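Inside the fold
Listed below, chain by chain, are the residues.
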Amino acid sequence: SLMRPKPPPFSKGQKRRGVEHGPKAIRDAGLVERLSNLDYAVHDFGDLAFKHLEKDEHFMHVPFPRTVGRANQLLSGAVSGAVGAGHTCIMLGGDHSLAIGSVEGHAQQCPDLCLIWVDAHADINTPLTSPSGNLHGQSVAFLLKDLQNKMPEVPGFSWMKPFLSARDLVYIGLRDVDPGEHIILKTLGIQYFSMRDIDRMGIQRVMEVTLDHLLARKQRPIHLSFDIDAFDPSLAPATGTPVNGGLTYREGIYVTEEIHNTGLLSVMDVVEVNPTLGATPEAVEATTSLAVDVISSALGQTREGAHIAFPKIP
Ligand code: DIR
Ligand code: MN
Ligand code: MN
Ligand code: MN
């Protein structure tokens, strides 16, 4: 099987520059080598070339709507092409607004996909509920059919229609949810596991309920959208909106191991790694090598070890 890192440098879904350097930093941390060691034939598509549009006024208080919309349109085509060619696709961000194009492109090939969103944040604001205006806090709202009549027509996004049902989405790791987002989560009955739920249930039970919720009726492709800020800031300091009390290393890796074990992972996003925000080179290195670990784990690296079929003890 062939897997393809597809890293678009991009930062216009939020206000802190630098996150567009995430893909290079994750590559430099050895991603391709690690995946090759897992016996994948890795094809690195390189970076997509996103244009910054000169005329791109705010929509309401949302900055760069056309630039973000256009970038996601391009990304959608790239992800759709890779998945359509039969490959597992890794999308490196860039900020989390890129999940709009990534999930949309995936859904073009796999309309029955389900979505696991691992994040400190719910990213489900609409332009009307968003306190910041930033599109990286609104990605999920663009995807959901259930919010269609709550979403204004944002310039730059007329190429897409919402396609995902609220019941096909599960959140893991939430701990910074805006009031408008909380109304949406509760009103739509979205399945979520906040850090409090992880404390209460343990990550093993959380994954059992997550996979049961999404896959019990029918096995289908999984889109894993992993915001590095889901991890505790002590592990992933180089990110734009860190929130205390996040996933431990072991909880995060357990999530990706369980998703790998379904055999259904189809596309994974890894976003919000910002190498310009680490306080020290070590802080940046910790964050990028964590990103490599979590991708490797999602693609089958195990903690217990592994061997090819039917070997003999040497
Ligand atoms: C906040 C922060 N909920 C917003 N969101 C972030 O701007 O909508 N998402 N940081 O990753
Ligand atoms: Mn996010
Ligand atoms: Mn986040
Ligand atoms: Mn963020």
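Just so you know, these numbers come straight off a predicted model, no measurement behind them.

**Some words on the packing of aromatic side chains**
- One pass over the structure, following the stated rule, counts 2 aromatic pairs.
- Seen in terms of ring centroids, Phe142 and Phe157 are 4.4 Å apart; in terms of plane orientation they differ by 35°. Their pairing is tilted. Pair noted here: Phe142 is in helix 5 (residues 139–143) and Phe157 is in the loop between helix 5 and strand 5 (169–174), with a separation of 15 residues, a long-range link. Here Phe142 and Phe157 have matching classes, each one buried.
- Stacked on the ring of Phe64, the Lys or Arg Lys12 has its end atom at 5.3 Å from the ring centre.

**Observations regarding the site of ligand 1**
- Around ligand 1, the neighbouring residues are His121, Asp123, Asn125, Ser132, His136, Gly137, Asp178, Glu181, Asp227 and Thr241.
- With respect to ligand 1, the side chain of His121 contributes an N or O atom lying 3.3 Å from an oxygen atom.
- Asp123 has a polar side-chain atom sitting 2.8 Å from a nitrogen atom of ligand 1.
- A total of 310 Å² of accessible area belongs to ligand 1 in isolation, and the protein chains cover 92% of it.
- Its residues assigned to classes, the shell around ligand 1 comprises no nonpolar, 6 polar and 4 charged.

**Side note on the packing of helix 3 (residues 65–84) against helix 4 (residues 99–109)**
- In the contact formed by helix 3 and helix 4, the axes pass within 7 Å of each other and the chain directions differ by 40°. The two elements helix 3 and helix 4 meet at a crossing, and its hand is right-handed. Contacts between helix 3 and helix 4 pair Asn72, Leu75, Ser76, Val79, Ser80, Val83 and Gly84 from the former with Ala99, Ile100, Gly101, Ser102, Glu104, Gly105, His106, Gln108 and Gln109 from the latter.
- Counted by class, the contact of helix 3 with helix 4 contains 5 nonpolar, 10 polar and 1 charged residues.

**Considerations on the coordination of the manganese ion (ligand 2)**
- Bound to the manganese ion (ligand 2) on the protein side are His96 (ND1), Asp119 (OD), Asp123 (OD) and Asp227 (OD), at distances that span 2.0 to 2.2 Å.
- Every donor residue of the manganese ion (ligand 2) comes from the same chain, spaced as H-x22-D-x3-D-x103-D.
- Separation of the manganese ion (ligand 2) from the manganese ion (ligand 3) amounts to 3.2 Å, with Asp119 serving as a shared donor to the pair. Here the residue Asp123 occupies a position in the loop between strand 4 (114–118) and helix 5, and Asp227 occupies one in strand 7 (residues 222–227), the gap between them amounting to 104 residues. As far as the burial class goes, Asp123 and Asp227 line up, both buried.

**Points about the confidence of the model for the chain**
- On average, residues of the chain score 95 in pLDDT, and 97% of them reach the 70 mark or higher.
- For the chain, strand 1 (residues 2–6) is the element with the lowest average pLDDT, namely 43, and strand 4 is the one with the highest, namely 99.
- Under a pLDDT of 50 for its full length, residues 1–7 has, in the predicted model, 45 contacts with residues more than four places off or in other chains.

**Examining helix 4**
- Burial within helix 4 is extensive, with 9 of its 11 residues counted as buried.
- Check the buried side of helix 4 and you find it contacts helix 3, strand 3 (88–92), strand 4, helix 5, strand 7 and strand 8 (265–271).

**As for helix 3**
- Between its first and last C-alpha atoms helix 3 spans 28 Å; for 20 residues at 1.5 Å apiece the expected length is 28 Å, and the two agree.
- The positive-phi residue at the C-terminal boundary of helix 3 is Gly86, with phi of around 95°.

**A closer look at the pattern of salt bridges**
- Following the criterion strictly, the structure yields 11 salt bridges and no others.
- With a closest N to O distance of 3.0 Å, Arg27 and Asp47 form a salt bridge. Residue Arg27 is located in helix 1 (residues 22–28), and its partner Asp47 is located in the loop between strand 2 (41–42) and helix 3; the two are separated by 20 residues in the primary sequence.
- A network of salt bridges, in which partner residues are shared, links Arg27, Asp44 and Asp47.

**Brief notes about the pairing of strand 5**
- When you tally the buried positions in strand 5, you get 6 out of 6 residues, the bulk of the element.
- Looking at chain direction, strand 5 and strand 6 (residues 191–194) are connected through 4 bridges and run parallel. Of the residues in strand 6, the one forming a bridge with Tyr171 is Tyr192.
- Remark: the strand 5/helix 6 (residues 179–188)/strand 6 crossover connection has right-handed handedness.

Conventions we followed
- The numbering scheme is per chain: residues are counted from 1 as the chain's sequence reads.
- Labels follow written order: the first chain is A, the first ligand is 1, and so on.
- Since the coordinates come from a predicted model, pLDDT governs what is reported: local features require at least 70, and pairs of side-chain atoms require 80 or more to be given and counted, while whole-chain, interface and lining totals use all residues.
- Water and hydrogen atoms play no part in the side-chain values, which are based on all heavy atoms of the structure.
- Only Phe, Tyr and Trp rings are paired, with Trp represented by its six-membered ring, and only when their centres lie within 6.5 Å; those with planes under 30 degrees apart are stacked, over 60 edge-to-face, the remainder tilted.
- A run of H or I in DSSP counts as a helix once it spans at least four residues, and a run of E counts as a strand once it spans at least two, with each numbered from the N terminus.
- Summary of the burial criterion: residues with accessible area below 20% of their type's maximum are buried, those above 50% are exposed, and those between are partly exposed, where the area comes from a 1.4 Å probe applied to protein chains only.
- Only when the NZ atom of a Lys or the CZ atom of an Arg is both within 6 Å of the ring centre and within 35 degrees of the ring normal do we say a charge sits over the ring.
- Nearness is defined per residue: one heavy atom within 4 Å of the molecule or strand is enough.
- Think of a polar contact as two N or O atoms within 3.5 Å of one another; within protein, one of them needs to be a possible hydrogen donor and the other a possible acceptor, and neighboring residues in sequence only count if both atoms come from side chains.
- The Shrake-Rupley method, run with a 1.4 Å probe, gives the accessible areas here. Residue values count only the displayed protein chains as cover.
- Three classes are used, and their members are as follows: Ala, Val, Leu, Ile, Met, Phe, Trp, Tyr, Cys and Pro are nonpolar, Asp, Glu, Lys and Arg are charged, and the others, Gly among them, are polar.
- Whenever a helix is involved, its axis is fitted only over the stretch in contact; in every case the axis is a line through C-alpha atoms, and angles between N-to-C directions fall within 0 to 180 degrees.
- Each helix crossing is assigned a hand: it is left-handed if the near helix lies turned anticlockwise from the far helix by less than a right angle, otherwise right-handed if that turn is clockwise.
- By the convention used here, residues are in contact when the closest approach between their heavy atoms is within 4.5 Å.
- A 2.8 Å cut-off from the metal defines N, O and S donors, relaxed to 3.2 Å for Na, K and Ca; water is not in the atom list, so some sites may appear incomplete.
- By definition, pLDDT measures how confident the predictor is in each residue, and it falls between 0 and 100.
- Here the expected span of a helix is defined as 1.5 Å times the quantity of residues minus one.
- For this analysis, a salt bridge means a side-chain nitrogen from Lys or Arg found within 4 Å of a carboxyl oxygen belonging to Asp or Glu.
- We treat two strands as partners when DSSP finds at least two bridges between them.
- Here, the term right-handed applies to a crossover whose path from the first strand over the helix to the second runs clockwise when the strands point away from the viewer.

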